[in-house]
Each structure stands twice: as C-alpha cells, then as structure tokens.
There are 2 protein chains.
Amino acid sequence: MTALSHPAAPGPAGTPRPRTGRPTMAQVAEAAGVSPKTVSRVINGEPGVVATTAERVERAIAQLGYRHNHAAASLARGRTQDTVGLVIEGIAGRFYAELASGVEEVARAHGQQLLIASSEENPDRERETILALASRQVGGIIVVPRSGDHRYLRTELRSGLAVVFADRPPQRIKADYALVDNVAGAREGVTHLLRQGHRRIAFIGNELAVATSADRLEGYRQAHRDAGVDVDPALVVLGPTDVPSTEAALTRLATLPDPATAAFTQNSRLTMGAWRAIKQLDRPVALVGFDDFDLADVIDPPVTVVAQDPVELGRRAMHLLLRRIAHHNARHHHDILPTRLVVRGSGEIPPPRR
Amino acid sequence: MTALSHPAAPGPAGTPRPRTGRPTMAQVAEAAGVSPKTVSRVINGEPGVVATTAERVERAIAQLGYRHNHAAASLARGRTQDTVGLVIEGIAGRFYAELASGVEEVARAHGQQLLIASSEENPDRERETILALASRQVGGIIVVPRSGDHRYLRTELRSGLAVVFADRPPQRIKADYALVDNVAGAREGVTHLLRQGHRRIAFIGNELAVATSADRLEGYRQAHRDAGVDVDPALVVLGPTDVPSTEAALTRLATLPDPATAAFTQNSRLTMGAWRAIKQLDRPVALVGFDDFDLADVIDPPVTVVAQDPVELGRRAMHLLLRRIAHHNARHHHDILPTRLVVRGSGEIPPPRR
DNA sequence: TTGTATGCGTTATCAG
DNA sequence: CTGATAACGCATACAA
C-alpha cells in the first residue's frame, strides 16, 4: 500500500492540499519531479534553469491549473514589485476617466498592474482607501487628493511607500506632484472675457478647500487686476457641485440689479449647468468654462473653454511615481502642465451697452 | 550584558526588524507588553480583550505607526475576505464610470474594498487582468467581458473564485450575470422610427463578437419583422467605434441612391458621431441611439434614446457577486434590466414623401 | 482573558 | 544547474 492510497492520511509524507483548492508550487514541483525552488525560478523567469526542466515544469503548471499566489510572493519578498494604485474621488466624470487612462498607459508600458480605488469625495474615505491600498503592498500610489491635510501619510512615506499627487498638490507634507497650471489657465479664460469688454464676470466654483478651486479663483482675480477691473465679491459663488444648483446660482447672478454679463465656471459640470441656465434667460450671458467636454462645440451657443489634458496629466504622474519607486530618496519633482484656450463661436456675446 | 546590547546578534532572542521598515505585530506586542495574538485580536475587533489591555495595544500601534499587512493576513487566512475586483474595458466613458459607481456603492455598504482594473478592450489583456486580480486573492470579480470565450476561467471557478459578468453574458461557461434587455430596448427604439413611417433605417454598431451588439441588431431585426418591413442588409454597418468613422458611415448611408432616412446607433459614441454627420447633410435624418448622454436633450435636433441605467446594473452585479461569495454552490442567477425609451424633440423628422 | 505553537505559499540563502 | 532550509507577518487552534 503506497502513500497514494491514503491521500487524506496525515504525517510528514505527502504534500498537503491547500485550503483554497488551488494547487501550490509544492504540488507542481512534485508533479514535475523537481523542487519548489525550481518551479519558482521558472515562474519568475529567473536564469539558471535548463530548457528541458523548464518545460517539464510548464507542463505540470498547465495540467494542474496552477496560479501564482501573489499574497504569498509579496509576503516573502517584502513588497510587491509590479502593482501600483490610483486613488481618485470617483470613477464618474470624463476628467478622472482620462486621467486614469493616462496612468494606465504608462503603467502598462512599464509592466505594472494598475489598481484603481475611489475615495468617494470624502476625506475620511480617502485616508482609508489609501491605507487599504498600502496594506495590500502596492509599490506606489497616485492620489488625487480631496482632503486638506496629508500628514497621515507620513508614516507610510517613512516606511518606504512611494506617493505622488495628481491634479492637486499635497498639503502639509512634501511629495511629488503633477498639476495643470490652474492659475494661468483661469487667468487666460477670464482675460478673454475682459477683452470682450465684460466688466461683471461671475465666478462659479467649488469650495476653496479643494486646491484647484482656490487656484482658479486666484487666476480670475489676477486677470481682473491685470485689466484694472475691480472684482465684485457678490459675483463670486463657491459651492455648487451639480447642474441644478449651478443653474440656480447663475440665474441669480444674471438677474441681480447690476447683473453679471459673463461667467467663468470651474469645471465642466458647472459649465453645463451654467449653460442650461443661460438658455433660459432672455438676456445673453457670455460663458467660459474650465475643462472641455463633449458637444461643447455644437451646442448653441458653443462654449469657449480652458482645455486641459487629463491623459497627459496621468502620464506625468505615473512617470513621477516610477521615478520615486526607483529612487526613494530623490529630490521632489513637480510637473506643471499648460492649459489651452479653445475659443468657440464666431459671434461672441458682447456686454450690454450702458 | 543583555541581549539588547547586541541588537544585530542572531539567535532566538530578540524581535528582528522587518525588511520593509514597517513595524510588525510582534513589535507592537513587545511594545505593549502583550502577545502577538492579543494585538491581532484588537486589530480584528475580536471580543475577549479587556479595555485597558486594548488601550495599551492601541497606543503602541499609534506610536510605532503600525500598519496591517494585508498580504500576510490573506496568506494566513487562505483568502481575502473584504476585497472584490471589477474588470472593465477601459475607465473612459460614462457608461463604465456609472457602472463602476453602482458596484462601488453596494460594495462599500457591505464593507468590501473595490479594486478596479482595466482590460483595455483587449481579450488577451482581459484574461491577464482577471488572473492578476485573482492572484491577489480577491474574494470575487465582476467582469465586463470583451472576449468571446471564457473557458479560461474554469480553473478559477473550480478553485472557488466567485465571478459575475456584467453588461454582457459569459460565453462557453456558466456564471451569474446582469444585463440590460438589449433586444427589447433596440426593438423599442427601432419601432419608434418605424411608427413614424420610416422604412429605410440604418443600423450602426460594433462587431458582432461583442454580445450587446448582436442583441441590439436582433432587436432591430425583430422590430422590422413585427412591422412587416424588410431589412436591407446594405443599411447595416458593423465596425465603427469612434466618432469620425461613424460620421463617414452615416454620410455614406444617407447619400445612397436609395438612402437611409433614419438611423439607429448602438452606443452613445456612435450616436454622437451620427448626429454630427446628420448636421452636415442637407436632408434631415431621424436618429435614435442606444444609451443616453449629456446634452442629448439640448442639442438641435435633440436625440431620442433608449436609456439604460448603468448604476443599477452595477448594483445588481455586485449583489449577485455577494450572493455567490456567500453561497458558492448556489444556482446561477441572471438579472435582466429593462430599458426606457426617452423621446425627445416635439417635431420628429418624418420620412420623405415618395 | 491571554498566550503558545504551528502553518499559510512563496522567495532567498547557501550548499551541493 | 538544482535543492534543502529558513524566513516573511499574520491567523488559527488549542492550552493555560
């Protein structure tokens, strides 16, 4: 009676089946008549295995349906080497989608698997999500931050986690980041309106806690300063995040006793909301938005935008991350991408005569 | 001379520092003056730890900056219990974004961390991506499949991986899935055009290898059959995937000797492409698209669509996955979601008089 | 209520 | 070129 007759028999002889039902390296090794270490070598493409042996191992792998256990490997190695994480506010929205595809493109070109997780626009969840990713032994993380204080990352950074910020800079810690030039972009968009003669330009944006918001407002202010025009604080509205509330905000601003004759909106959702409100008004209001969107050129009136390149932003962030992973002690790098004013509509909306 | 004087000394005494620079449970235990098991209890919220001890442990955790090592835990446990994966073709596009947010919503409600990975519209990458996720010990995976043969998943399914298909059914294997009713939706949209009197309706879609495409074409055929109208194969175009190629296709179909007077498009990108082409024509062409999109109601002419609910689709898929994880041997479930015809534009475009 | 011993599946070290 | 052995950090029995 051989050992094979008693597969369930305990004792030092025999290779126990793993609890998960998946075959292990030890089983593959036994089937191929080699040691586990040799199987490991074949799987990881390490040199020093003769072709015939490798082939035997490959066959055993195929026959048993063996799958590499990444958790075990990463535990044994100390840290994962081929996975990076991306934490974004939400998967919805063209901007994040494009940013993610830029990250992915570069990640794949460098043999890295990308894992995306969402923080749901919630600072607490942001922290949880990042730590969840870190505890899964990713080699590095790209964060589009929501929160205003990233000191909670100090522990991770000290322990060697590579972290890069995208679209918004880190706050209260030092780290690599890639951004678009929000100040210059907003300044250019608002200057475009000022050049047309507008003097009462509304600004509609998010809360200032989000850095991009503050920067775009700063650009709006700079444009006014450059043109020698005072900003009326009553025309600056911070808070709307969806289409209906933006519609309401714009309608209010355009029907003030001394109304806004133009508006600058801070992202494409707000731009669409503002555009819808303008359509309902009897008086035309000029509009420039930050970030381009589908059909902006064919709606009537078409919308002039400050276009950014989210795909490129993602690529840059991933490059920064790769560099940080390779050189943990390198100096911090910052990438600032330019924006591009896309003027649409031949007949711009002029300000009313006084 | 105590052991502490020789921190680097080998031997059974002393707790070695981990290679990653991150503190381990053993270090926390030592700092708190308890055993590793007690630390484990505190971390996992297991009962049976007196408050004062727990507090000591918490303090040690905070001071050392301890982070749970998920890889080690998942190895020791045999399988991750709180992570699920979602594999989609690409993050870009409103449909996938909304689907993902539906999945995420339910995942979070059930304490599951969601990891998203993209297959880049490539069947080979789809397989790699799924296996990569599986090797990371996720508890289950939701797949929006691209490939036409999923037998490669048999190994994973046998070994206990929970897999659910979303938006498109599995092929050549049995598994849970959640879909929208593509046949009925397309039939309703095309019937809408037939009721207006159109007899030459173009169909523009993707390759038939993608199941949704075939189903929507079937709906198109059924609508014709129900109305007693023959389908002209020359009006069925499969292949365009981007806006320019769709524009070209529609322009060609609308300028045939016996031209199409209406078109049904299979997804929102194709709809936008068709709409742009129609704008350039001197003759009006009626349009109905599958899947709704931003601004479809305000462009001129507005676009009637067969709307689906991708968020709900994601929710359903996640529910199926949770059920499958809980009951690995349950019967397979299939969820078919209805679509909704959204008629837009008061003045529909009539077919030309003969 | 707390601790001890053992194993999870893989990789690294070093010997053959 | 290949194999034995010892970690890796945590969880699970079971014992105290």
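Remember, predicted model here, so these are calculated numbers, not experimental data.

Calculation criteria
Residues numbered from 1 in each chain as written. Chains lettered and ligands numbered in written order. Predicted model: local features only at pLDDT ≥ 70, side-chain atom pairs only at ≥ 80, totals over all residues. Heavy atoms only, no water. Pairing = 2+ DSSP bridges. Helix = DSSP H or I, 4+ residues; strand = E, 2+ residues; numbered from the N terminus. Axes fitted to C-alpha atoms, helices over the stretch in contact; angles between N-to-C directions. Least-squares fit on C-alpha atoms with pLDDT ≥ 70 in both. Contact = heavy atoms within 4.5 Å. Parallel < 35°, antiparallel > 145°, perpendicular 65-115°, else oblique. Left-handed = near helix turned anticlockwise from the far one by under 90°. Nonpolar A, V, L, I, M, F, W, Y, C, P; charged D, E, K, R; others polar. Buried area = accessible area lost by both parts, 1.4 Å probe. Salt bridge = Lys/Arg side-chain N within 4 Å of Asp/Glu carboxyl O. 1 Å grid on protein atoms, 1.4 Å probe; cavity = no way out; pocket = protein on both sides within 12 Å on 5 of 7 lines; lining within 4 Å. Points joined across faces, edges and corners; volume = space filled by probe spheres on them. Phe/Tyr/Trp six-rings, centres within 6.5 Å; stacked < 30°, edge-to-face > 60°. Buried < 20%, exposed > 50% of the residue type's maximum accessible area, 1.4 Å probe, protein only. Lys NZ or Arg CZ within 6 Å of the ring centre and 35° of its normal. Expected span 1.5 Å × (residues − 1). Polar contact = N/O pair within 3.5 Å; in protein donor to acceptor, adjacent residues only side chain to side chain.

Residues and elements named next belong to chain A. Pairing within the open sheet is mixed, and its 6 strands lie in the order β7-β6-β8-β9-β10-β12. Each of the sheet's edge strands pairs with one partner strand only, and the pair in question is β7 (236-238) and β12 (340-342). On average, each strand axis in the sheet is tilted by 15° relative to the strand beside it, whichever way the strands run. Where strand β6 (residues 201-205) lies against strand β8 (residues 262-265), 4 bridges are found, and the strand directions are parallel. Looking at the pairing, I201 lines up with A262 of β8.

When chain B is brought onto chain A, the operation consists of a screw motion whose angular component is 180° and whose axial shift is 0.1 Å, with 0.2 Å RMSD remaining. When the rotation and shift are considered jointly, the pair of chain copies conforms to a two-fold rotation axis. Interface overlap between copies is the fraction of interface residues in one copy that are interface residues in the other; for chain B against chain A it reaches 98%, indicating a shared surface.

With that settled, the discussion passes to the sheet that holds strand β8 (residues 262-265) of chain B. Residue and element names in this part refer to chain B. Strand order in the open sheet made by the 6 strands is β7-β6-β8-β9-β10-β12, with mixed pairing throughout. Across the chains shown, the open sheet's two edge strands, defined by having one partner strand only, are β7 (236-238) and β12 (340-342). With direction set aside, neighbouring strand axes in the sheet form an average angle of 15°. Here strand β6 (residues 201-205) runs beside β7; their pairing, made up of 3 bridges, is parallel. Of the residues in β7, the one forming a bridge with I204 is V237. The strands touched by helix α10 (residues 243-254) are β6, β7 and β8; relative to β6, the strand with the most contacts, the crossing angle is about 160°.

All names here are of chain A. Following both chains from N to C, one finds helix α10 (residues 243-254) and helix α11 (residues 268-280) inclined at 50°, their axes separated by 7 Å at the closest point. Between α10 and α11, the crossing angle belongs to the class labelled oblique. Viewed along their axes, α10 and α11 form a crossing whose handedness is right-handed. Where α10 abuts α11, its residues V243, T246, E247, L250 and T251 lie against R269, L270, G273, A274, R276, A277 and I278. Partitioned by chemical class, the residues of the contact of α10 with α11 number 6 nonpolar, 3 polar and 3 charged.

Attention now goes to the interface of chain B and chain A. Taken together, the 57 residues of chain B in the interface contact 56 residues of chain A. Here chain B packs against chain A, burying approximately 4,800 Å² in sum over the two surfaces, 55% of which is carbon and sulfur. For the chain B face of the interface with chain A, the top three residues by lost area are I91, R136 and L295 of chain B, together amounting to 14%. At the junction of chain B and chain A, the tally comes to 7 salt bridges.

Next up on the list: the layout of surface pockets. Roughly 720 Å³ of internal volume is contained in the second largest pocket. In terms of lining residues, the second largest pocket is bounded by 25 residues, among which E128, L131, A132 and S135 of chain A together with H68 of chain B are the most central. Among the elements of the structure, α6 (123-135) of chain A together with α2 (36-43), α3 (51-64) and α4 (70-77) of chain B are those that each provide at least two residues to the lining of the second largest pocket. Top element by residues in the lining of the second largest pocket is α6 of chain A. It accounts for 5 residues. Among the residues forming the lining of the second largest pocket, the class breakdown is 6 nonpolar, 10 polar and 9 charged.

Another aspect to go through is unusual backbone geometry. Residue and element names in this part refer to chain A. Cis geometry marks the peptide bond from D300 to P301; its omega dihedral reads 5°. Secondary-structure assignment places P301 in the loop between β9 (286-290) and β10 (304-307). Look at R172: it is not a glycine, yet its phi comes out positive at around 70°. Among the structural elements, R172 can be located in the loop between β4 (162-166) and β5 (176-180).

This part takes up the packing of aromatic side chains. Residue and element names in this part refer to chain A. Enumeration according to the criterion identifies 6 aromatic pairs over all chains in this entry. Consider the rings of F95 and Y96, whose centres lie 5.4 Å apart with planes at 80°: the pair is edge-to-face. In this pair, the class of F95 matches that of Y96, namely buried. The rings of F203, Y220 and F264 are connected pair by pair, giving a single aromatic cluster. It is R216 that lies over the ring of F290; its NZ or CZ is 3.7 Å from the centre.

Residue and element names in this part refer to chain B. Among the structural elements, A162 can be located in strand β4 (residues 162-166). Overall, the relative accessible area of 0% leaves A162 in the buried class. Distance from A162 to I142, taken between C-alpha atoms, is 8.5 Å for residues 20 residues apart in sequence. Sequence-distant contacts of A162, defined by excluding residues within four places in its chain, comprise G139, G140, I141, L321, R324, I325 and H328.

A separate point is empty space enclosed by the protein. All told, the structure shown has 4 cavities of 30 Å³ or more when counted by the stated rule. In this structure, the largest cavity spans a volume of roughly 190 Å³. Taken together, 18 residues form the lining of the largest cavity, with H70 and R136 of chain A together with H70, A71 and R136 of chain B sitting closest to its centre. Breaking the lining of the largest cavity down by element, the ones donating at least two residues are α4 (70-77) of chain A together with α4 of chain B.

A separate point is helix α11 (residues 268-280) of chain B. Residues and elements named next belong to chain B. Helix length check: α11, at 13 residues, gives a terminal C-alpha distance of 19 Å against a target of 18 Å (1.5 Å per residue), a fit within 8%. S268, L270, T271, M272, G273, A274, W275, A277 and I278 are the residues of α11 that are buried. For α11, the elements touching its buried residues are β6, α10, β8 and β9 (286-290). Among the residues of α11, the N-terminal cap falls to N267, whose side-chain oxygen and the backbone nitrogen of R269 are separated by 3.0 Å.

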